[in-house]
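Structural overview for review
Here are the chains, one letter per residue:
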There are 2 protein chains.
Amino acid sequence: MLKKVLLGSLGAALVLTAGILLGHFAIQKGSTTPDWVMDVTQDVNEALIQKFIAEVDNIAIQENLRSDAGYQSINLLNQIRRCWKLYQCLYISFFSSLIFHIFFYLLKQGKYSDSQGKYSDSQGKYSDSQAPYGVIGVLVYTDPWDINDGKMSDTNETYPYSWYMPPSGVERGSFNTHYGDLLTPYLAAKDDTYRIPAKNITGIPPIPTQPIGFEDAYTLICELGGEPAPSEWQGAFNCTYNFGGPGFKPTSNFNNSDVKLDIYNREELKNSANVMGVIQGSVEPDRYVIYGNHRDSWVHGAIDPSSGTSVMLEVTRVLGRMVKQGKWRPRRSIIFGSWGAEEFGLIGSTEYTEEYYSKLSERSVAYINVDIAKPSLWCLFAFLKVKTPGSDSTSVYDNWIRYFNRTSPAYGVIPNVGFLTGAGSDYAAFIHFLGITSMDISYTYDRTKTRARIYPAYHTAYDTFDYASKFIDPGFTSHQTVARTAGNVLMRLADSLLLPFNCSDYAETLEGYLNKAMELYTDGLAAHMISIEPLQTAVRNFRSAAARLDQLIRDSNLADETPLKVRRINDQLMLLDRAFLDPVAFPDRYGFRHVIWASSKAGQPTFPGLADAYTRATSTGLDSDWKEAHRQLSILIQAIQGAAHTLGDVI
Amino acid sequence: MLKKVLLGSLGAALVLTAGILLGHFAIQKGSTTPDWVMDVTQDVNEALIQKFIAEVDNIAIQENLRSDAGYQSINLLNQIRRCWKLYQCLYISFFSSLIFHIFFYLLKQGKYSDSQGKYSDSQGKYSDSQAPYGVIGVLVYTDPWDINDGKMSDTNETYPYSWYMPPSGVERGSFNTHYGDLLTPYLAAKDDTYRIPAKNITGIPPIPTQPIGFEDAYTLICELGGEPAPSEWQGAFNCTYNFGGPGFKPTSNFNNSDVKLDIYNREELKNSANVMGVIQGSVEPDRYVIYGNHRDSWVHGAIDPSSGTSVMLEVTRVLGRMVKQGKWRPRRSIIFGSWGAEEFGLIGSTEYTEEYYSKLSERSVAYINVDIAKPSLWCLFAFLKVKTPGSDSTSVYDNWIRYFNRTSPAYGVIPNVGFLTGAGSDYAAFIHFLGITSMDISYTYDRTKTRARIYPAYHTAYDTFDYASKFIDPGFTSHQTVARTAGNVLMRLADSLLLPFNCSDYAETLEGYLNKAMELYTDGLAAHMISIEPLQTAVRNFRSAAARLDQLIRDSNLADETPLKVRRINDQLMLLDRAFLDPVAFPDRYGFRHVIWASSKAGQPTFPGLADAYTRATSTGLDSDWKEAHRQLSILIQAIQGAAHTLGDVI
Ligand SMILES: [Ca+2]
Ligand SMILES: [Ca+2]
Ligand SMILES: [Zn+2]
Ligand SMILES: [Zn+2]
Ligand SMILES: [Zn+2]
Ligand SMILES: [Zn+2]
């Protein structure tokens, strides 16, 4: 097996830390004390967590997956079924960050047909101005260099002989820049909900895009004429990749040929359902910890998403049994969500957040997403004593810090945690739209051993139970580790007296962003009479408010305090991400309201709104663009100051 | 003295009722019970409220007013001073609902000057298209018919011989359709804050407007030629009010004359400050009850706003003494705000809500506004045993119900409470922008005795201590009643174990709005294939969720429950108005996010967004306008359903 390392991403630097976990309160019980006094001061029970970990069963997960976890979830979860119409916007387009291996064939002089006549240029609908370089159609494939470590034969190198994708494998994907149902922004897509006219949809590609296998791509690419493409564009095929601008090579059989692109995309209104399950909290039922994954897939989807669903089912089985046996009831409520229509743009989860916006905003402690619950998830938490599969003693934490670490000013070398700055899975609406602290658990491989992105069969027809059980996790012990880790996190979020969030870690992130912003933007802003100093002040204020709150937590003997004081501190931690929401910061970007974690085109580890606006202003030089940069700076300052106010003195 | 009746307005139907106040919990104390158990179950103390009422002193209020309450407030409040730059947008325009008595003199053929050359038509800046009927300037006055019961001589009929306004009195006012600092929408106006270009300001009149006294108006109006204006336009002057379209009467000395309008309006950036005072809560310091009034005035402003400020100072004096003597500490925190720059568009309070948006949204229980704390405030609360001045036994409640009542399906005849659907004073940002349940206490006169709107000297130079103490409230006993009532409400909001809000009353309001909407819009919507049924369903769901919550409150023996359960119910009540916020419902209307209480042009007692969109759609017939009507309906349904979710089962 390959060595794999973990990539965990948090929606916030509010990381779970062991240091601030509080012990049980030293309240003596007397006959006249109300019953509830014991309950409200109850902390997380480590023995129950160990019990959970012991009961998670690898074979149960395997059988979940074998018997089609997705459909089972509808029966297995303690269910509430909520249905709505789904607009499946099937402009299937694959988006990859490996843009240099995407094969742009310019069809400008060519012909192409479309079963619906939809893309005919005679309509003027998809004019040259809508796509760069006059491109009127895109064929997209994944190069063996990127996903197969160069392997491209199916005689012995690829599946079923290894985990590598066979030449005919086609990786699908969705390419919308907006997420959620495109017809009903900000409104849950019920039968009677107002829908915008289809022509007003934004965020989808203006030209047709067709994914193909590398088998077909090879045939076309190696025949292309024109200048050689730059070295970063070259891949694993045994030929030089040319631009092909003027067409195929004069020596090619295809010389003077056109490529005909038959498009079978279509638009449909489809129903989809989220399946919900709930364990009601005993002490704070109005505080929610949400755990979710999607249920739909491209083709079979054994790994994406059913590995995650199999794990979720096992977590609910073990927790459900503990509840039924009367051994455990979480302090806070736990909500399980099996989302529909993720692959078409995170639709199920997004519609859910639109429908329950107020309730979820007011009460959600955190959202945990476990989509591709692939092997060897090494979690970042020191207290996670879950063992790494295939090792007798290495903890998830130790493995994580070994393969994927960073140096923190406060803690030294620690496991690295990414940020949820994009919209890659169902966490998007929770963190970007509702400002709920979110965590996405996924993994990557040890980069010294493979260049495989995610896993070779990702989003292809080869993502099957056979593939998963033979090449990804035989015996399903790694899935077991994922279930143990996710359940462990879930139980701590649900049961800890004080929420295991650390706001000083948030301050560290803001300081990192600030330093980068000052390095990149101070001079350029100053040249336009915009001072970055108030941003420094804001971050400094945030840091000292966070430090004071940490100090208050350390100094408090909560046993002598009211449960309302614990609740107050928990609310400060729970609502911290909410304070960074601004619905007018990015008015044209559906669902992006979080001014720290919003995605950015600037590609810099700093504040996204400022980065994008600054980049644009320097490129256009327009006064209005500099004004927008100033506006973004003010929005950011106000958000950070506002967040600092929520952490600071209570009044 | 005139008989006066009370007009109280709540931002919500969450009215304070005695019925749901809970008694003290019957928890026996034992030596082993933590100290805080007693504190967290403590309810409002009626004896302390009586003590407060007894200590409120009419002479103290009088002396506050005599010695310039506005400036004193800066010293007297237990202060935090927060300052910011204020953009005073001095396009002074008076807005009156008595539009038919506003004197529109068409200057189209005339000439006018402007000290800054600002309104010169040669700039094309204020073209005819910007104001209806080609009006290029407006003179505005208040007719003696409307404010003086027809009295218009200053020889014996008007001040200083009575409370009526003398002929030279000029009523000022501000006329912006947006509130808050116009240069910094959604951003607190700090020194470095981004400001929009002045030319991008919206919501101010496109033509110059000048208020004049009725003395000058008389001279002009009675000389006007043209057709007689309709009877509703006629006023108290002893002449026929003509349209004046072609100019003055041929027989007039003014014949062939123009009216020259000298404009001294100017734009300035000015500093203004809010003055804040705080009493920190003992048990729930992170819950805020806010009490505010503005400090700035047109001219002297003895009544508007200083009567309110004098009352606030007296409330703080009495409460502050109780705190210092160790007799009382509120359960929740109380914040007093003395706002700046209200008269220019509610600027001080609005900038405050922008700066502390997150903190206030998360924690505010209610906002109480007492601006013009004029005599004889009869409050709506049965438990308000405050006596009406000049009566030995009549309570504020009894007087209110006598002069201003309505019939409720649930309660029969009760005091009438208006809704805060406009932006008339500093409550606007609290209710419309933050969704904080708000209450504005003001009064109106017995309409059988006077037509005086507010009071005759309102917004004129005659609003002085002499005027107030001679004609409005000699002895200041009515001010005393206002202080007692406001303090009473404040203490109940701050101290009640369970918040004195009734969500079923909110349901009653929604049902009233629904009935009106069905009556007016069902057929027209159906003709465009839009069903109003889902709105009925949503209101029905809201009603049953509210009823279940009320039942839960009645059935609960909170003494046996955790304080976290009380907090949960309080949060449901506190956050109910928040659930009606939608930042994308009215994107072009700054600060209006509450889909139930937003102001409306339709003039119907129903849902504002739907009413306005429907009215527009029927008038234009445009497909896009019917789509907007459908969108508004969907927004409304989602908000009401979302609010119902927050009242319903906790999970
Ligand atoms: Ca939607
Ligand atoms: Ca502002
Ligand atoms: Zn997935
Ligand atoms: Zn996927
Ligand atoms: Zn006022
Ligand atoms: Zn005023």
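Chain A has the name Aminopeptidase NAALADL1 in an unreviewed UniProt entry, where Hucho hucho is given as its organism. A UniProt comment under Cofactor (unreviewed entry) is attached to chain A, and it reads "Zn(2+)". Of the comments in the UniProt record for chain A, the one headed Subcellular location (unreviewed entry) reads "Apical cell membrane".

Another aspect to go through is the overall build of chain A. Tallying secondary structure elements over chain A gives 18 helices and 12 strands in all. Per-residue burial for chain A yields a buried fraction of 62% across its 651 residues. Sequence-distant contacts in chain A: of pairs separated by 6 or more residues, those separated by 24 or more amount to 78%. Counting every atom, chain A has about 24,500 Å² of accessible surface; 52% of that belongs to carbon and sulfur.

Attention shifts here to the coordination of the calcium ion (ligand 2). Residue and element names in this part refer to chain B. The calcium ion (ligand 2) binds to the protein through Thr184 (O), Thr184 (OG1), Leu187 (O), Glu351 (OE), Glu351 (OE) and Glu354 (OE); the donor distances cover 2.2 to 2.5 Å. Classification of the site at the calcium ion (ligand 2) rests on its six donor atoms, whose angles at the metal span 53 to 161°, yielding the label irregular. Read from N- to C-terminus, the donor residues coordinating the calcium ion (ligand 2) fall into the pattern T-x2-L-x163-E-x2-E. Of this pair, Thr184 sits in the loop between α5 (144–147) and β4 (209–211) while Glu354 sits in helix α8 (residues 347–355), and the two are 170 residues apart along the sequence. According to the relative accessible area criterion, Glu354 is buried, its value standing at 2%.

Looking now at the environment of Ala629(A). Mapping Ala629(A) onto the fold places it in helix α18 (residues 623–647). With near-sequence residues (within four places) excluded, Ala629(A) lies in contact with Leu610(A), Ala613(A) and Tyr614(A).

This part is about the coordination of the calcium ion (ligand 1). All names here are of chain A. Distances from the calcium ion (ligand 1) to its protein donors, Thr184 (O), Thr184 (OG1), Leu187 (O), Glu351 (OE), Glu351 (OE) and Glu354 (OE), fall within 2.2 to 2.5 Å. Metal-centred angles of 52 to 161° between the six donor atoms at the calcium ion (ligand 1) mark the site as irregular. Mapping the donors of the calcium ion (ligand 1) onto the primary sequence yields the spacing T-x2-L-x163-E-x2-E.

A word on the side chain of Asp571(B). Mapped onto the elements of the fold, Asp571(B) is located in helix α16 (residues 563–574). Exposure remark for Asp571(B): the relative accessible area of 7% places this residue in the buried category. Apart from residues no more than four positions distant in its own chain, Asp571(B) is found in contact with Arg287(A), Arg567(A) and Arg287(B).

A few words on the relation of the copies chain B and chain A. Structural alignment of chain B on chain A gives an RMSD of 0.1 Å, achieved by rotating through 180° and translating 0.0 Å along the axis. In symmetry terms, the pair is related by a two-fold rotation axis. The position closest to the rotation axis in chain B is occupied by the C-alpha of Thr33(B), lying 2.6 Å away.

With 64 residues of chain B at the contact, the number on the chain A side is 65 residues. Here chain B meets chain A over a buried area of about 5,400 Å², counting both sides, of which 64% is carbon and sulfur. Interface area lost by chain B to chain A is led by Trp36(B), Leu564(B) and Ile651(B), which between them contribute 15%. Two residues, Arg567(B) and Asp571(A), come together in a salt bridge whose shortest N-O distance is 4.0 Å. Here chain B and chain A share 20 residue pairs in polar contact (both at pLDDT 80 or more) between them. Elements represented by at least two residues in the side of chain B that touches chain A include exactly α1 (36–40), β6 (284–294), β7 (332–339), α8, α9 (357–363), α16 and α18 (623–647) of chain B. Per-element tally for the side of chain B that touches chain A: the top contributor is α18(B), with nine residues. Considering only residue class, the side of chain B that touches chain A consists of 27 nonpolar, 17 polar and 20 charged.

Moving on to the packing of helix α15 (residues 533–555) of chain B against α18(B). Residue and element names in this part refer to chain B. At a minimum axis distance of 8 Å, the contact between α15 and α18 shows a crossing angle of 15°. Judged by the angle between their axes, α15 and α18 are roughly parallel. The handedness of the crossing between α15 and α18 comes out as left-handed. Here Pro534, Leu535, Ala538, Val539, Asn541, Phe542, Ala545, Ala546 and Leu549 of α15 lie close against α18, whose contacting residues are Leu633, Leu636, Ile637, Ile640, Gln641, Ala643, Ala644 and Leu647. Across the contact of α15 with α18, the residue classes tally to 15 nonpolar, two polar and no charged.

What follows is about the packing of aromatic side chains. As enumerated under the stated definition, the model contains 67 aromatic pairs over all chains in all. Between Tyr455(A) and Tyr458(A) the ring centres are 5.8 Å apart and the planes differ by 80°, which places this aromatic pair in the edge-to-face class. The exposure class assigned to Tyr455(A) is buried, which follows from its relative accessible area of 0%. Plain terms: the ring middles of Tyr506(A) and Trp597(A) are 5.8 Å apart, the flat faces sit at 45° to each other, and that makes the pair tilted. Taken together, the residues span a long stretch of sequence, with Tyr506(A) in helix α14 (residues 503–526) and Trp597(A) in the loop between α16 (563–574) and α17 (608–620) at a distance of 91 residues. The ring of Trp145(B) is capped by Arg451(B), whose NZ or CZ atom sits 3.8 Å from the centre of that ring. One residue, Arg589(B), lies across the ring of Phe592(B), its end atom 4.5 Å from the ring centre.

Residues and elements named next belong to chain A. Judged by how many residues are buried, strand β6 (residues 284–294) sits mostly within the fold: 11 of 11 residues are covered. In this sheet, strand β7 (residues 332–339) lies alongside β6 in parallel orientation, the contact comprising eight bridges. In the sheet register, Val289 faces β7, and the bridge partner there is Ile334. With five bridges joining them, β6 and strand β8 (residues 364–369) adopt parallel strand pairing. Residue pairing in the sheet places Tyr291 in a bridge with Ile368 of β8.

What follows covers the state of the cysteines. Residues and elements named next belong to chain A. Counted by the stated rule, this structure contains two disulfides over all chains. With a sulfur-sulfur separation of 2.0 Å, Cys222 is cross-linked through a disulfide to Cys239. Handedness here is read from the sign of the S-S torsion; for Cys222 and Cys239, about -75°, the answer is left-handed. Of this pair, Cys222 sits in the loop between α6 (214–221) and β5 (267–279) while Cys239 is found in the loop between α6 and β5, placing the two residues 17 residues apart along the sequence. Its relative accessible area of 10% is what places Cys222 among the buried residues.

Empty pockets left among the atoms are what a rolling probe the size of a water molecule brings to light. Enumeration over the complete set of coordinates arrives at 17 cavities of 30 Å³ or more. Lining the largest cavity are 46 residues; nearest its centre among them are Tyr357(A), Ser358(A), Ser361(A), Glu362(A) and Arg578(B). Taken together, the residues of the lining of the largest cavity sort by class into 18 nonpolar, eight polar and 20 charged. In this structure, the second largest cavity encloses a volume near 230 Å³.

Reading the values: the criteria
- Residues numbered from 1 in each chain as written.
- Chains lettered and ligands numbered in written order.
- Predicted model: local features only at pLDDT ≥ 70, side-chain atom pairs only at ≥ 80, totals over all residues.
- Heavy atoms only, no water.
- UniProt positions renumbered as here; feature names shortened; annotations may be inferred.
- Helix = DSSP H or I, 4+ residues; strand = E, 2+ residues; numbered from the N terminus.
- Buried < 20%, exposed > 50% of the residue type's maximum accessible area, 1.4 Å probe, protein only.
- Contact = heavy atoms within 4.5 Å.
- Areas by Shrake-Rupley, 256 points an atom, 1.4 Å probe, with all protein chains shown as cover.
- Donors = N, O, S within 2.8 Å, 3.2 Å for Na, K, Ca; no water.
- Tetrahedral: all angles 85-135°; square planar, octahedral: opposite > 155°, others 65-115°.
- Least-squares fit on C-alpha atoms with pLDDT ≥ 70 in both.
- Buried area = accessible area lost by both parts, 1.4 Å probe.
- Salt bridge = Lys/Arg side-chain N within 4 Å of Asp/Glu carboxyl O.
- Polar contact = N/O pair within 3.5 Å; in protein donor to acceptor, adjacent residues only side chain to side chain.
- Nonpolar A, V, L, I, M, F, W, Y, C, P; charged D, E, K, R; others polar.
- Axes fitted to C-alpha atoms, helices over the stretch in contact; angles between N-to-C directions.
- Parallel < 35°, antiparallel > 145°, perpendicular 65-115°, else oblique.
- Left-handed = near helix turned anticlockwise from the far one by under 90°.
- Phe/Tyr/Trp six-rings, centres within 6.5 Å; stacked < 30°, edge-to-face > 60°.
- Lys NZ or Arg CZ within 6 Å of the ring centre and 35° of its normal.
- Pairing = 2+ DSSP bridges.
- Disulfide = S-S within 2.5 Å.
- 1 Å grid on protein atoms, 1.4 Å probe; cavity = no way out; pocket = protein on both sides within 12 Å on 5 of 7 lines; lining within 4 Å.
- Points joined across faces, edges and corners; volume = space filled by probe spheres on them.

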